[in-house]
Amino acid sequence: MYAHDGEEVGYISEGRLELAIEDDVHVLETADSFHFDCNRSHSHRNPATDRRTVVVWCVTPPPH
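Residues numbered from 1 in each chain as written. Predicted model: local features only at pLDDT ≥ 70, side-chain atom pairs only at ≥ 80, totals over all residues. Heavy atoms only, no water.

**Some details on the pattern of salt bridges**
Worth spelling out the cut-off: We define a salt bridge as a contact between a side-chain nitrogen of Lys or Arg and a carboxyl oxygen of Asp or Glu at a distance within 4 Å. Note on conventions: DSSP H or I runs of at least 4 residues are helices, E runs of at least 2 residues are strands, and numbering of each starts at the N terminus. With a 1.4 Å probe rolled over the protein chains alone, any residue whose accessible area is under 20% of its type maximum counts as buried; one over 50% counts as exposed, and the rest are partly exposed.
Inspection of the entire model under this criterion finds 4 salt bridges. The partner of Arg45 in a salt bridge is Glu18, with the nearest N and O atoms 2.9 Å apart. With a gap of 27 residues between them, Arg45 in strand 5 (residues 42-45) and Glu18 in strand 2 (residues 17-21) connect regions that are remote in the sequence. For Arg45, a relative accessible area of 44% puts it in the partly exposed group. Classification of Glu18 as partly exposed rests on a relative accessible area of 21%. In this structure, Arg40 and Glu22 form a salt bridge, with 3.3 Å as the shortest nitrogen-oxygen distance. Of this pair, Arg40 sits in the loop between strand 4 (33-37) and strand 5 while Glu22 sits in the loop between strand 2 and strand 3 (24-28), and the two are 18 residues apart along the sequence. Judged by its relative accessible area of 32%, Arg40 falls in the partly exposed class.

**Structural notes on the sheet that holds strand 5**
Spelled out, the test is: Note on pairing: DSSP must find at least two bridges between two strands before they are called paired. All axes are obtained by fitting lines to C-alpha atoms, using only the stretch in contact for helices, and the reported angles, taken between N-to-C directions, cover 0 to 180 degrees.
Spatial ordering of the open sheet is given by 3-2-5, a layout of 3 strands whose pairing is antiparallel. Since the sheet does not close on itself, it has two edges, and those belong to strand 3 and strand 5, each with one partner. In this sheet, adjacent strand axes meet at a mean angle of 15° when their direction is disregarded.

**Structural notes on the sheet that holds strand 1 (residues 7-14)**
Ordered by their spatial adjacency, 3 strands build an open sheet running 4-1-6, and the pairing between neighbours is antiparallel. Two strands in the sheet have a free side with no partner beyond their single neighbour: strand 4 and strand 6 (54-60). Here the average twist between neighbouring strands, direction ignored, is 15°. By the bridge criterion, 7 bridges tie strand 1 to strand 6 in an arrangement that is antiparallel. Each residue of the ladder has a partner; that of Glu14, found in strand 6, is Val54.

So this is what it looks like as structure tokens:
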């Protein structure tokens, strides 16, 4: 889990994504989207070991 300044938004274009935001865990499927404040602790992972996950992911401001 990590936190930083900004916001994140994304769209799952293929597969599944497990997105944890503080104590809430969301399993997102193809065509789902998300948005959250990055100051909240968060993490993500691909819950499937046999399928890839493709996400269009935007972070503002850029963390790098």
